[in-house]
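Overview (structure and organization)
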2 protein chains.
Amino acid sequence: MVTSPPSEPAEPHRHNGLVDALVQCAFVTMAVLTKAGADNDLSLTQMRVLAILRDRRVRMTALADHLGLEKSTMTGLVDRAEKRGLLQRAPSAEDGRAVEVFLSPDGATLAERLYAHVGQALSPTTSTLVPIDQRRLQALLERMLEANTS
Amino acid sequence: MVTSPPSEPAEPHRHNGLVDALVQCAFVTMAVLTKAGADNDLSLTQMRVLAILRDRRVRMTALADHLGLEKSTMTGLVDRAEKRGLLQRAPSAEDGRAVEVFLSPDGATLAERLYAHVGQALSPTTSTLVPIDQRRLQALLERMLEANTS
DNA sequence: TATTGTTATACTCTATAACTATA
DNA sequence: TATAGTTATAGAGTATAACAATA
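Everything in this summary refers to the structure shown in the same document. (Residues numbered from 1 in each chain as written. Chains lettered and ligands numbered in written order. Predicted model: local features only at pLDDT ≥ 70, side-chain atom pairs only at ≥ 80, totals over all residues. Heavy atoms only, no water.)

**Overview of the protein's contact with DNA strand D**
What surrounds DNA strand D is a group of 23 residues, the closest being Ser43(A), Arg80(A), Thr61(B), Lys71(B) and Arg89(B). A share of 66% of the atoms of DNA strand D within 4 Å of the protein falls on sugar and phosphate groups. Thr61(B) is positioned with one of its side-chain polar atoms (N or O) 2.3 Å from a phosphate oxygen of DNA strand D. In this structure, a phosphate oxygen belonging to DNA strand D sits 2.5 Å away from a side-chain N or O atom of Arg89(B). Elements with a minimum of two residues in the surface near DNA strand D: α2 (44-53) and α4 (71-83) of chain A together with α3 (60-67) and α4 (71-83) of chain B. It is α4(A) that provides the largest number of residues to the surface near DNA strand D, a total of four residues. (Near = heavy atom within 4 Å. Polar contact = N/O pair within 3.5 Å; in protein donor to acceptor, adjacent residues only side chain to side chain. Helix = DSSP H or I, 4+ residues; strand = E, 2+ residues; numbered from the N terminus.)

Here it is as structure tokens:
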């Protein structure tokens with residue numbers, strides 16, 4: 001198909017260049033995140049848990065909602081991270097049924113290290129743009145995401 | 001920590017706004033892709049397999065390399081997709097050890113449907129930008145990614 | 001009765017190691 | 001001997017359903 005006739009375009013399904021660029025960018029970014037996590041024996045989901053708990057103490061259900069996962073899935077994720085000493089569980093003071101989750105000191109340290117690691121790992125990519133274009137890209141992305149968040 | 005004193009910024013670790021924007025954008029995009037896949041009972045990885053095979057017939061090892069996975073992982077992925085009738089295996093004509101993988105008609109149809117589905121699912125996000133800014137964003141992303149690919 | 005979380009179960013995804021067949 | 005692929009095995013991530021404890 002590499003030598004397809006001129007009547008058939010080389011990439012017949014490229015309906016929307018921006019969508020393709022976003023998807024490709026997402027895969028590149030995710031690959032960097034995944035690698036950064038793997039270097040610390042963390043899955044993407046475990047990294048997200050650490051990121052969420054960096055400045056919060058939340059209940060199991062809230063954590064599951066944040067991540068779009070089932071409560072039962074959270075039990076396993078938190079079990080494994082707790083066993084590794086990255087986070088802790090404690091009963092809620094307000095609701096006897098609820099359990100609150102928060103980072104341990106080790107978990108907090110790892111979360112900081114990971115954040116710095118990811119920034120460094122992405123810098124070869126971001127720094128291919130000159131600073132002005134970096135700011136333009138950031139502004140466009142933020143505008144696009146902000147409209148979708150609110 | 002929500003009511004932290006003014007001496008401590010609300011987001012103490014925001015070293016690089018572009019990195020944060022890229023990561024957030026990647027998660028939003030991946031969520032859309034994952035949802036589009038789940039609607040068709042496909043994992044992200046299975047979707048990537050379909051995307052790769054859309055215009056190619058490749059060997060197991062090449063597929064594993066494309067995805068950054070082990071050969072043995074590919075065996076399982078291809079087994080399940082083949083069992084669902086989405087793709088097929090055939091021995092290589094040139095190398096008796098090699099196996100080539102390619103989309104079945106059903107797989108090709110699904111790949112097209114998925115591609116359109118993803119475009120539609122992302123359009124609420126992309127269309128928050130006016131067309132000129134969409135083109136600017138696309139150009140910036142492509143420039144950034146191209147420098148990293150080549 | 002409804003909600004919070006866990007347990008039991010099952011399936012997919014992933015890797016490592018050992019194996020078969022071909023080169 | 002090296003390479004292509006599969007099998008066996010193990011562990012993580014995920015969901016559904018059933019359950020216990022609390023509200």
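So, next bit.
**Concerning helix α6 (residues 131-149) of chain A**
Residue and element names in this part refer to chain A. The first and last C-alpha atoms of α6 sit 26 Å apart over 19 residues, in line with the 27 Å expected at 1.5 Å per residue. Within α6, burial applies to Asp133, Leu137, Leu140, Leu141, Met144 and Leu145. Buried residues in α6, looked at end-on, bunch into an arc of 120°, giving them a common side. Looking at α6, the residues exposed on the side facing more than 90 degrees away from the buried face are Pro131, Arg135, Glu146 and Thr149. (Expected span 1.5 Å × (residues − 1). Buried < 20%, exposed > 50% of the residue type's maximum accessible area, 1.4 Å probe, protein only. Arc of directions from axis to C-beta.)

**So, the sheet that holds strand β2 (residues 87-91) of chain A**
Residues and elements named next belong to chain A. The antiparallel open sheet is built from three strands, whose spatial order is β1-β3-β2. Of all the strands in the sheet, just β1 (58-59) and β2 have a single pairing partner and so form its edges. The pairing of β1 with strand β3 (residues 99-103) spans two bridges and is antiparallel. Bridged to valine 58 within β3 is valine 101. Docked against the sheet, α4 engages β2 and β3, running at close to 120° with respect to β2. (Pairing = 2+ DSSP bridges. Contact = heavy atoms within 4.5 Å. Axes fitted to C-alpha atoms, helices over the stretch in contact; angles between N-to-C directions.)

No statement about biological role is implied by the geometric values presented.
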